[in-house]
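The primary structure of each chain is shown beneath.
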Amino acid sequence: MTRALLPALLLLGACSSSLKGEDPDDSSGEGPGSDGGDGGGDGGGGGEGGEDALDELPDLLAGADLSGCQQVEGSDGEMYDVPGAVSYFYGEYYQTEDGSGWAGEERWLLYANERWKELGEDDCQIVWTMGASLSGDLTPGGQVTLQVNADIRGSETTCPDGLYEGEESWNASYSIEINDDGDSFWYYNGADQFGAGGSSDVALNFLTEKACTWF
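Residues numbered from 1 in each chain as written. Predicted model: local features only at pLDDT ≥ 70, side-chain atom pairs only at ≥ 80, totals over all residues. Heavy atoms only, no water.

1. Points about the overall build of the protein
And step 1. Each helix and strand counted, the protein has 2 helices and 11 strands in total.
And step 2. The helix and strand sequence of the protein, counted from the amino end, reads α-β-β-β-β-α-β-β-β-β-β-β-β.
And step 3. Looking at the protein residue by residue over its 215 residues, the buried ones come to 49%.
And step 4. Within the structure as shown, the protein displays about 9,900 Å² of accessible surface, and the carbon and sulfur contribution to it stands at 41%. (Helix = DSSP H or I, 4+ residues; strand = E, 2+ residues; numbered from the N terminus. Buried < 20%, exposed > 50% of the residue type's maximum accessible area, 1.4 Å probe, protein only. Areas by Shrake-Rupley, 256 points an atom, 1.4 Å probe, with all protein chains shown as cover.)

2. So, the state of the cysteines
And step 1. Inspection of every chain in the model, using the stated rule, returns 2 disulfides.
And step 2. Between the sulfur atoms of Cys 69 and its disulfide mate Cys 212 the distance is 2.0 Å. When the S-S torsion is -80 degrees, as for the bridge of Cys 69 with Cys 212, the disulfide is left-handed. Residue Cys 69 is found in the loop between helix H1 (8–15) and strand S1 (71–73), and its partner Cys 212 is found in strand S11 (residues 211–214); the two are separated by 143 residues along the sequence.
And step 3. Through a disulfide, Cys 124 is tied to Cys 159; the S-S separation comes to 2.0 Å. (Disulfide = S-S within 2.5 Å.)

3. Considering the nonpolar core
And step 1. Counting residues in hydrophobic clusters, the biggest one holds 32 residues, and the most contacted among them are Tyr 93, Leu 146, Val 148, Tyr 174 and Trp 186.
And step 2. Breaking this core down by element, the ones donating at least two residues are strand S3 (84–95), strand S4 (102–112), strand S5 (124–136), strand S6 (143–152), strand S7 (169–178), strand S8 (184–188) and strand S10 (203–207).
And step 3. Aside from chain neighbours lying at most four places away, what touches Tyr 174 is Tyr 93, Glu 106, Val 144, Thr 145, Leu 146, Val 148, Trp 186, Tyr 187, Tyr 188 and Phe 194. (Core = buried A, V, L, I, M, F, W, Y, C linked by side-chain atoms within 4.5 Å. Contact = heavy atoms within 4.5 Å.)

4. Focus: the environment of Pro 160
And step 1. Following the sequence through the fold, Pro 160 ends up in the loop between S6 and S7.
And step 2. Put simply, Pro 160 and Cys 124 are 36 residues apart on the chain and 8.5 Å apart in space, counted from C-alpha to C-alpha.

5. A look at the confidence of the model for the protein
And step 1. Here the protein averages 81 in pLDDT, and 78% of its residues register 70 or above.
And step 2. Scored below 50 in pLDDT, residues 1–46 makes 125 contacts in the model with residues more than four places away or belonging to other chains. (pLDDT = per-residue confidence, 0-100.)

6. Considerations on the packing of aromatic side chains
And step 1. Scanning all chains against the criterion turns up 9 aromatic pairs.
And step 2. Taken together, a centroid distance of 5.5 Å and an interplanar angle of 5 degrees make the contact between Phe 89 and Trp 108 stacked. With Phe 89 in strand S3 and Trp 108 in strand S4, this residue pair connects regions lying 19 residues apart in the sequence.
And step 3. Given a relative accessible area of 2%, Phe 89 falls into the buried group. (Phe/Tyr/Trp six-rings, centres within 6.5 Å; stacked < 30°, edge-to-face > 60°.)

7. Notes on the pattern of salt bridges
And step 1. Enumeration according to the criterion identifies 6 salt bridges in this entry.
And step 2. Here Arg 115 makes a salt bridge to Glu 118, at a shortest N to O gap of 3.0 Å. Here Arg 115 and its partner Glu 118 are both found in helix H2 (residues 114–118), 3 residues apart, which amounts to about one turn of the helix.
And step 3. Judged by its relative accessible area of 31%, Arg 115 falls in the partly exposed class.
And step 4. One network of salt bridges, in which partners are shared, links Glu 105, Arg 107, Arg 153 and Glu 156. (Salt bridge = Lys/Arg side-chain N within 4 Å of Asp/Glu carboxyl O.)

8. A closer look at a negative patch on the surface
And step 1. A grouping of Glu 48, Glu 51, Asp 52, Asp 55, Glu 56, Glu 97 and Asp 98 is seen on the molecular surface, where their side chains present a negatively charged patch.
And step 2. Along the chain, Asp 98 falls in the loop between S3 and S4. (Patch = residues over 30% accessible without salt bridge, like charges linked within 9 Å, V, L, I, M, F, W, Y side chains within 5 Å. Lys, Arg positive; Asp, Glu negative; His and termini not counted. Charge placed at Lys NZ, Arg CZ, Asp CG, Glu CD.)

9. Things to note about the environment of Pro 58
And step 1. On the secondary structure map, Pro 58 appears in the loop between H1 and S1.
And step 2. Since its relative accessible area comes to 41%, Pro 58 is described here as partly exposed.
And step 3. Sequence-wise, Pro 58 and Asp 183 are 125 residues apart; in three dimensions their C-alpha atoms are separated by 9.6 Å.
And step 4. The contacts of Pro 58, once residues within four sequence positions are left out, are Gly 198 and Asn 205.

10. Points about unusual backbone geometry
And step 1. Positive phi values are uncommon outside glycine, yet Cys 69 reaches one of about 60 degrees.
And step 2. A relative accessible area of 0% places Cys 69 in the buried class.

11. Side note on the pairing of S4
And step 1. With respect to burial, S4 is a largely interior element, 11 of its 11 residues being buried.
And step 2. Burial of the side chains of S4 extends over both faces: Trp 102, Gly 104, Glu 106, Trp 108, Leu 110 and Ala 112 are buried on one face and Ala 103, Glu 105, Arg 107, Leu 109 and Tyr 111 on the other.
And step 3. One ladder, built from 11 bridges, connects S3 with S4; its direction is antiparallel. Looking at S4, one finds that Val 86 is bridged to Tyr 111.
And step 4. Where S3 hands over to S4, the hairpin turn is made up of 6 residues, of which Gly 99 adopts a positive phi near 75 degrees.
And step 5. Here S4 runs beside S5; their pairing, made up of 9 bridges, is antiparallel. (Pairing = 2+ DSSP bridges.)

Printed below as a string of structure tokens:
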């Protein structure tokens, strides 16, 4: 998957049945969650950076829907068990304590369906350590640009190598809109929205919508 893992948006478009997460078997239900420019380049001022700043953000994975993604409809109209997983991308970023830049992580979270488990796989994740620089107005009603660079974190990555081979390191540019309530809406290269989350003056996070990924 050449560069398919670069942004969450492109990966979901290439490997999953639906960016919006409509399940082929139309299942539903709640499941448990998994565990410098002008303005915002300095975090907007008034807050303390560091990883602890993430505690102020909403827990986007709490109550994530892990149901469905068990079957695919064939050309004959019949439903077939296919190895796959419920798929989410999660990302979080925070201003470093010394205010010199931004850091964080992104995770591709895969919750294995029954057929994938029968083949010996299980729930897994791919984790990247992120460096970043932010520019713009990181306040309610503002907009920022986040330039990011990723390096695989092998100690926490548990998915098969083939899912991320060739994408151990990558770069991307995100545009992020902040509404008046502090909610953040994430866009890749200013194009389609791929995720949403929360924000403070020194931290941001996002979660993509649920999707089904098939193997």
